[in-house]
Each structure stands twice: as structure tokens, then as C-alpha cells.
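Structure at a glance
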Amino acid sequence: MTAAIATPPAVRRGVPSAGRSRIAVVAAIGVVLLVALAIVHIGQGSAGIGLSRLLSLATGHSDADALAVLRGSRLPRLTAGLVTGLALGISGALIQGATRNPLAAPDTLGVNAGGYLAVSICTLSGVQLGILPSAAVAFAGGLVAAGLVQLLTAGGPVAPGRMLLAGTAVAMAGSSAATVLLILHAQRAQGLFFWGNGSLLETGLTRPLLLGLIVLLAATATPLLARPLDLLALGDDTAEALGLRVGRIRLSAFALAVVFSAVSVALTGPIGFVGLVAPVVVRMFGVRRHAALLPIAGVYGAVFVLGADVVARALLAASGSGAYEIPAGVVTALVGGPIFVYLARRVPTGDADTGAAVTVSAPRSRRRYALIVAGGVIALALAVLAGLAVGDVHLSVGRLLAATVGQSDALSNGIVAFRAPRILAAALAGACLAGAGVAIQSVVRNPLAEPSLLGVTGGSAIGAVALITLVPSAPRWGIPAAALVGGVLALGLVMLLATRRRTGAADPTRVVLVGIGLAAATAALIQVLSLRAQLQLAAALTWLAGSTYARSASDLTWFVLPVLALAVLIAAARVLDLLGLGDDLPRALGLPTGRARLAVLLGGAVLAAGTAAVVGTVGFVGLIAPHLARRLVGTAHRRLLPVAALLGAVLVVAADALGRYVLAPNEIPVGIVTALAGAPYLIWLLRRQRRTS
């Protein structure tokens, strides 16, 4: 694996990387911060009992109310934060040491999502999990996720960026499956929803103390890996030459990291970015030897978690409302997302100079192209008919055909009239998202670039939710407008952060990584705004997951601008062909590449953001449809764009129908269906590219 974490000087020169005094100072700073935050943390709460009353207990003062609050709420919450932070900090340090990747962490490699999904399945299935069984289930889920990531990156050296993409695909698959469970069991999933965002809420000391004991026992094994991880920083070949069994050490480090992650998930849910930030901060202070790095990263992980919970509870107190609570995991994501972006701009990805792997292929024959288009039209027609027929009330083929010409009974005619706008919205959404994927991929030159992975849909969602929650009296047309503006700004920010200043070129993999970090930050901010507005859980989850429910003819007018942008891109297909060839040749042919890229990116942003304004965040369409279209008609955009748009329409209409049919009368949002299909597709695509390279 590419060494993205600098080799410890202690290994290179045989002397400590940071003197004992520096290590002592860094550790002391962490302990002082931890003690200070613990004091502040234990004094916070909604019971009206402040720190002074709690401290009076230490002097022998009798206060039954204060003692009950301390034992029943404050100490359990504090202990949960300490245990979770310690576990995640050490887990992140182990994973980063094993992979030599500063962006690797339990959440970015999908370990937390795997554990969360496994516990959610058991809980919502009615299985009563005890303290230790829940940790065991989380460990099994996290181990499966880690195994999938290793499978995707096995077989030789791999750039850090590729590993992060594999982890993101696994995490998205797990999160999408868990969201389906929450939507289907919304009545009894309230606790799981907040736990899934990383909540320290505890009602007793038994769970945090028992799981904390497991963390301490597992921590006794970390010194055995300290020296081998130092040697791994030299590279696999050098480490093996020194007698180190690299595969065994890496497997041991991952297994131990999954244990720490499983304990944290079982206790407080999947809290993100703690395992990323804590080891990075400790390294910034100059501590690189793992004998000191591992325990100090645990201390700073606890500082991060307690600090996030202090901020969350302070925001709750400032709002003057006790009706909702901001989970600590939301605050860690708000901080960790920008830090992830900062690191993504600096980590080597392996694609900086080679560009994308959107290969140019020979053009297909006109006859084959015509047959493909005809087949796509037929598939779309069948998907539309299926969408009109299925739902909470199913229509037979005869009633459906009669209703389409207005000659059926009043009920059938009404059902078809009600479903037709949402199906048309699904078709337009799929076509526009596919066109956005093609446009963005032509500029970024990365076949994995997709609007949802680049934060465009997240930016649209933040624009819409911000307007809904902050300006409740805003006109209805303001919501799509805000979503459109948010998506365009998000893509512009991603490209700005991922572009190298000297050359003006964007690293293809770095663009996706920056987009992932921005999407995480926007998702956390959406959670804050949703909780602040006290939105209903089922409605919030459904809207954020992407849905065509109850779309009317008036909603379709918002597709006018995206459809026009798609038409312009098809007309400018030759420009997109030239942009895929790099910089020198288009410039030699007289194309102003800078302005052309900006115009195409703007068109892609309008397509993606305009679609999100109507149907919410529907992901992976801009990945699947362009990839399938390239395999069918090649890379010439004059043919690629129409076919991709046609396939995107088929995909979303079919996903919408499937979501309404599988669990009728319950409905799975179309965005969840596409994510359940798209995440495995991304995993397969990454594996296929790995084998090809």
C-alpha cells in the first residue's frame, strides 16, 4: 500500500521520534483537557441540578435529588463517552498504522456501518440482545464490512484513495439497508434513529462499565502491535526483509480495531470521525511511535467525544427547548467532515497525473445504436406500465389499459391520474441524474464521480432543509430554488478544494474524496436542522432518502431548467468528447478548456441539484446509467448522453415501482432502492477496476 503516513524517524534512525518530554507534554495536555471536559460535562443536564450541587456531594452534603441524577444519568453518560472515545481513538490508530493511510478509520472503511446494520437487524427482528451479545453482533457485522473492504483492495499495492472509495461503498450499502429497516419500523425505531447518530444517552452504569472493561482488556494487547506497526511504516518489502510477517500483523491489527469499534457501536452507536481525527491530531503534535501513539490517541478520542457532547448539550440549553437532543455523533461529523476534506487534499491518491479511467472506445454501428435505443424505449414503457399498476392498490392489466385511455371505472382512472405525475417525475429525475453523471465524469475524468458522492445532492438537501427550518413562511417555490442553489454551490466548492493550484487540474480520486467529506458534513448539518425543527422521524427519513410520493403536475415544472441543461449538453457533445482527452490536445484544437469545464460542471450541477429539488436525494443513478451506457454505445457523448438518460429513466421508474410493490402498502423511498442497488454496483466496479489494473 502506498505510504501516506510518514515513516517514523524512530525506525529510520534508531532514536525516538519525539523525546520523552514531548510525549509527556502531549499526554498531559490530553489528560488536562479530558478532566476539564469531564467536569463541565457532568454539570450539564436538563434536570436543573448544576455542578455546584454535585460537587457538594463530595463534601458530605446530603442531597438525594443530586445523588439520584448523578448515579442515574450524569455518570453513565460520562462513562459512555470515555469508553467510546478511548475505543475509537485506539481503533483509528490501529487501522491507520496497518494501512499507512491517514484517512482510514472505522467509519470511513465501513466497519461502524457494518456493526450498526447487524445490531439494527437483530433489534428490529425482535431479538433481545444483552450487553455482551450486542457487542458480539456488532463485531460480526464490523468484521464482515472490513473483510469486504480488504477483498476489494486485495492483490497488491493500492492507493489510499481507492481504499477509501471501497470503504465508502461498503458504508453506503450498510447505511442504506439500515435506513430501510428504520423506515419500515418507524413506530418503534425512534431510539434506533438517535442511537444510529451516536448518542451517549445512558440510564445506568452497567453497560458502560462492562463494555469499558472489554476495552481495557483489549488495550492490553496493543503494545504487542506497537513495534510491528512502526516497521510497517517502512513499507511491506522492507518490513518483510526485517522478518515481519506483514499479512499476519495487518490482520491482527484490523481484528483488534474491529473489537474496539464493535464495543463503541454497541454502547453509543456509530459515532463517526473520532477514529480519524484523534490519531491525526496526536501525530501533528509529533508523536509517531505506536507505543505512545495508541494510548494517547485513545485519550484524545475521549476528549473529542466528550467535547462534542458538551457542545451538543450547550446548543440544547441555548435553544431553551428540551424536546429534542443533538446526538454527539452529529457534532463529530460536523468537525470531522472538514478535517477529512483537509486530509483528502494532501493524501496521495495514485491518480494525480494519470487522470481518470474513462477510456475511449471505438464507435458502435448505427444499426446497433438504433436497436439499443429501441430496447431502452420498450424497457421504459414497461417500467411505466408497472409503475402505474402497482402500489397500495394494484390494477390488473385490463383495468390499467382501459384507464390509460380513460374508459375504465372511476377508481382506476383516479389511481392512474394520481400515479402518472410521480412516474413522470421519476423518469425525468433518472434522465437528469444520468446526464449529470456523464457531464461530471467528462470533466473529472473519473467513472466513479457521481452527484451524490460529490456532495451535490447533499448541498441541495441542505439548501432545502435550511429554508424549511429557518424560514417556515417561505413560499413553496423557494424550496426547489434553495435546493438548486445549494447543489451548485456544493459542486463548486468540491472542485475548488480538489483542484491543484499550480496546474489547475483536478485529481480524479481526490474530487470524489473531497465530495465524500463534504457530504458527511452536510448530512450532519441536516440532522441538526431537522432536530431543531422537531420534524417527524418518518417524514424526515423519507424526504432525505429521496421520494416521488405525491408529486403533482405543478412539481414537474421545476424540471424545465434541468431538461434544458441536458439538451444543451447533448448539443455540445463534441466539447465533452474533447474534455475527456486531457488538457493539451483540446487546447491545441482551440478549445478554451477552463471555461468549457466550468460550463459543463455548471450544467451537471443544475441537472443534479434541480432533480434533488423535486425528488430529494436519489443516489447512484449518475454512476450506474453512464457506466452501462458506455458498455452499450461507447464513449462518444452524442450517443452516450441520450442512452444514459434513457437508462437512468428506466432505473428510477423501475426503482419507484419496486419500492411501492415489495412491501405494499408500505413504501420504500426510491433513493433507498437505488442505493441498495448502487452500492453493490460500486463495489463490483471497484473490484473490476482493481483486477484490470
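Residues numbered from 1 in each chain as written. Predicted model: local features only at pLDDT ≥ 70, side-chain atom pairs only at ≥ 80, totals over all residues. Heavy atoms only, no water.

**Brief notes about unusual backbone geometry**
- Here the phi dihedral of Arg100 falls at roughly 55 degrees; this positive angle occurs in a residue that is not glycine.
- Within the secondary structure, Arg100 sits in the loop between α4 (64-99) and α5 (111-124).
- Non-glycine residue Phe620 carries a positive phi angle of around 75 degrees.
- With respect to the helices and strands, Phe620 occurs in the loop between α26 (593-615) and α27 (621-633).
- Residue Phe620 is classed as buried on the basis of its relative accessible area, which comes to 3%. (Helix = DSSP H or I, 4+ residues; strand = E, 2+ residues; numbered from the N terminus. Buried < 20%, exposed > 50% of the residue type's maximum accessible area, 1.4 Å probe, protein only.)

**Things to note about the environment of Leu529**
- Position of Leu529 relative to the elements: it lies in helix α21 (residues 508-532).
- It is 6.7 Å that separates the C-alpha atoms of Leu529 and Ala466, two residues lying 63 residues apart in sequence.
- Not counting the four nearest positions on each side in its chain, Leu529 is found in contact with Ile462, Val465, Ala466, Thr469 and Leu470. (Contact = heavy atoms within 4.5 Å.)

**Thoughts on the pattern of salt bridges**
- Using the criterion set out here, one finds four salt bridges in the structure.
- A salt bridge links Arg207 to Glu202, with the shortest nitrogen-to-oxygen separation between them at 3.8 Å.
- The class for Arg207 is partly exposed, based on a relative accessible area of 26%.
- Across the pair Arg660 and Asp656 runs a salt bridge whose closest N-O atoms are separated by 3.3 Å. Highlighted residues: Arg660 and Asp656, both in helix α28 (residues 637-661), separated by four residues, approximately one helical turn. Grouping residues by exposure puts Arg660 and Asp656 together as buried.
- Through salt bridges with shared partners, one network takes in Arg422, Asp656 and Arg660. (Salt bridge = Lys/Arg side-chain N within 4 Å of Asp/Glu carboxyl O.)

**A word on the packing of aromatic side chains**
- Per the stated rule, a full pass over the model turns up two aromatic pairs.
- With centroids separated by 6.3 Å and ring planes inclined at 75 degrees, the aromatic side chains of Phe273 and Phe340 adopt a geometry described as edge-to-face. Of this pair, Phe273 sits in the loop between α12 (246-268) and α13 (274-284) while Phe340 sits in helix α15 (residues 328-344), and the two are 67 residues apart along the sequence. Phe340 matches Phe273 in its accessibility class, with the two residues each being buried.
- An angle of 55 degrees between the planes, with centres 6.0 Å apart, marks the rings of Phe285 and Tyr300 as tilted. Placement of Phe285 in the loop between α13 and α14 (290-319) and of Tyr300 in helix α14 is noted, with a sequence separation of 15 residues between them.
- Residue classification places Phe285 among the partly exposed positions, given a relative accessible area of 38%.
- One Lys or Arg, Arg639, reaches over the ring of Tyr369 and ends 4.9 Å from the middle of that ring. (Phe/Tyr/Trp six-rings, centres within 6.5 Å; stacked < 30°, edge-to-face > 60°. Lys NZ or Arg CZ within 6 Å of the ring centre and 35° of its normal.)

**Digging into the environment of Pro680**
- Looking at the secondary structure, you find Pro680 in helix α29 (residues 670-692).
- Considered as a pair, Pro680 and Val170 are 510 residues apart in the sequence and their alpha carbons are 7.8 Å apart.

**Some thoughts on helix α9 (residues 206-219)**
- With 14 residues, α9 ought to run about 20 Å at 1.5 Å a step, and its terminal C-alpha atoms sit 20 Å apart, in line with that.
- At its buried positions, α9 is contacted by α4, α6 (131-153) and α12. (Expected span 1.5 Å × (residues − 1).)

**Some thoughts on the packing of helix α16 (residues 366-389) against α27**
- For the pair α16 and α27, interaxial distance at closest approach is 10 Å and the crossing angle is 145 degrees. Of the residues in α27, those touching α16 at Arg368, Tyr369 and Ile372 are Arg631, Leu632 and Val633.
- Of the residues that constitute the contact of α16 with α27, the class distribution is four nonpolar, no polar and two charged. (Axes fitted to C-alpha atoms, helices over the stretch in contact; angles between N-to-C directions. Nonpolar A, V, L, I, M, F, W, Y, C, P; charged D, E, K, R; others polar.)

**Re the side chain of Ser261**
- Residue position: Ser261 is located in helix α12.
- When its relative accessible area of 1% is taken as the criterion, Ser261 is described as buried.
- A polar contact of 2.5 Å, which involves the side chain of Ser261, links it to the side chain of Asn112.
- The contacts of Ser261, once residues within four sequence positions are left out, are Ser91, Pro106, Val111 and Asn112. (Polar contact = N/O pair within 3.5 Å; in protein donor to acceptor, adjacent residues only side chain to side chain.)

**Re helix α10 (residues 223-232)**
- Most of α10 sits out of view: seven of its 10 residues are buried.
- What α10 keeps buried is the set Leu225, Ala226, Pro228, Leu229, Asp230, Leu231 and Leu232.

**Examining the confidence of the model for the protein**
- In the predicted model, the protein carries a mean pLDDT of 80, and 83% of its residues have values of at least 70.
- Per-element confidence in the protein ranges from a low mean pLDDT of 46 for helix α1 (residues 9-13) to a high of 92 for α9.
- Predicted confidence is poor over residues 7-15, with pLDDT under 50, and the contacts of this stretch with residues over four places away or in other chains come to 18 contacts.
- The low-confidence segment residues 351-360 (pLDDT under 50) makes 24 contacts with residues lying over four places distant or belonging to another chain. (pLDDT = per-residue confidence, 0-100.)

**Regarding the packing of α5 against α12**
- At their nearest, the axes of α5 and α12 sit 9 Å apart, and the two run at 50 degrees to each other. The orientation of α5 relative to α12 falls into the category oblique. When you trace α5 past α12, the crossing you get is right-handed. Contacts between α5 and α12 involve Val111, Asn112, Gly115 and Tyr116 on the former and, on the latter, Val258, Ser261 and Val265.
- Taken together, the residues of the contact of α5 with α12 break down into four nonpolar, three polar and no charged. (Parallel < 35°, antiparallel > 145°, perpendicular 65-115°, else oblique. Left-handed = near helix turned anticlockwise from the far one by under 90°.)

**Topic: a nonpolar patch on the surface**
- Together, Ile378, Leu382, Leu385, Val397 and Leu401 give the surface a local cluster of nonpolar side chains, amounting to about 480 Å² of exposed area.
- In terms of residue count, α16 provides more of the nonpolar patch than any other element does, three residues in total.
- One can find Val397 in helix α17 (residues 397-404).
- Residue Val397 is classed as exposed on the basis of its relative accessible area, which comes to 60%. (Patch = residues over 30% accessible without salt bridge, like charges linked within 9 Å, V, L, I, M, F, W, Y side chains within 5 Å. Areas by Shrake-Rupley, 256 points an atom, 1.4 Å probe, with all protein chains shown as cover.)

**Focus on the side chain of Asp309**
- Its location among the elements puts Asp309 in helix α14.
- Within polar-contact distance, the side chain of Asp309 engages the side chain of Arg77 at 2.8 Å.
- Ignoring any residue separated from it by four or fewer positions in sequence, one finds Asp309 in contact with His41, Gln44, Arg77, Leu200 and Ala328.

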